[in-house]
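# Breakdown of the fold
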Amino acid sequence: VGVDPGHRHAVLAFIGVLLDKVIQQQPDILLPLTYFAVILAVLSIASDARQLYMIPLALPLAVLAVPGCLELNNLQTKIFARSAILIFSIAATLLWAGCFVILTGEPSWLYLKLAEFWNEIKLDFLTLPVATAAFLSVLWLAIVRWNTANSIQALLNWSSGAALTWLLIMSLYLPIMDQAKSFRVVFNDLARHLPADVNCVTGGYLGEPQLAMLHY
């Protein structure tokens, strides 16, 4: 269905006026807004579009959200700050509980459920990752504030909580994730079944990680 050029120009003019008004009121958002628009445009025309490539868009979106957070009233700021503590406390508790179950095998019914999910769990107790995770958890408890009306502190609660969750996953669960998501078994098995005189294998419809493993 064709689009009337007059309508298209009207829409573009409206967007231009809207952006001009927003930029005049808040010129600080020009840089992250431009960054977001450029990256989104590049990804929209990319031949190989993957969700992974959208990760860089999180940074300008986070920056664009900051002015709105700073305009919250005292009650909204307290709710905003406390919700971060509640959400990430629950997330951290679940991550620590899951690690305990995997390391000890207790309770057995939950361990078996996790074993089905991860197919085969082999996780040894490693002092450095566990100690790092414990240190980060204590550090987060020292950073956050429950009863605060400070917008910056509320943002700190959220950003530090997100960082803690990510770091707990990376420190406690990275060996499991490596085993569960690894293509080592698949491609080793493929190599054993390939004839010795085969030097060329098609890689159609494979992603970049799979193509690298196939080449290796």
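Residues numbered from 1 in each chain as written. Predicted model: local features only at pLDDT ≥ 70, side-chain atom pairs only at ≥ 80, totals over all residues. Heavy atoms only, no water.

## Describing the environment of Ala92
Mapped onto the secondary structure, Ala92 falls in helix α4 (residues 74-104). It is 7.9 Å that separates the C-alpha atoms of Ala92 and Ser137, two residues lying 45 residues apart in sequence. Excluding its chain neighbours within four sequence positions, the residues that come into contact with Ala92 are Leu164 and Leu168. (Helix = DSSP H or I, 4+ residues; strand = E, 2+ residues; numbered from the N terminus. Contact = heavy atoms within 4.5 Å.)

## Some remarks on the packing of aromatic side chains
All chains considered together, the criterion is met by 2 aromatic pairs. On the basis of an interplanar angle of 25° and a centroid distance of 5.5 Å, the ring pair of Phe80 and Trp158 is categorised as stacked. Here the residue Phe80 occupies a position in helix α4, and Trp158 occupies one in helix α7 (residues 151-172), the gap between them amounting to 78 residues. Taken together, a centroid distance of 5.5 Å and an interplanar angle of 85° make the contact between Phe88 and Trp158 edge-to-face. Of the two residues, Phe88 is situated in helix α4 and Trp158 in helix α7; the sequence distance between them amounts to 70 residues. Its relative accessible area of 25% is what places Trp158 among the partly exposed residues. Aromatic ring contacts, followed pair by pair, group Phe80, Phe88 and Trp158 into a single cluster. (Phe/Tyr/Trp six-rings, centres within 6.5 Å; stacked < 30°, edge-to-face > 60°. Buried < 20%, exposed > 50% of the residue type's maximum accessible area, 1.4 Å probe, protein only.)

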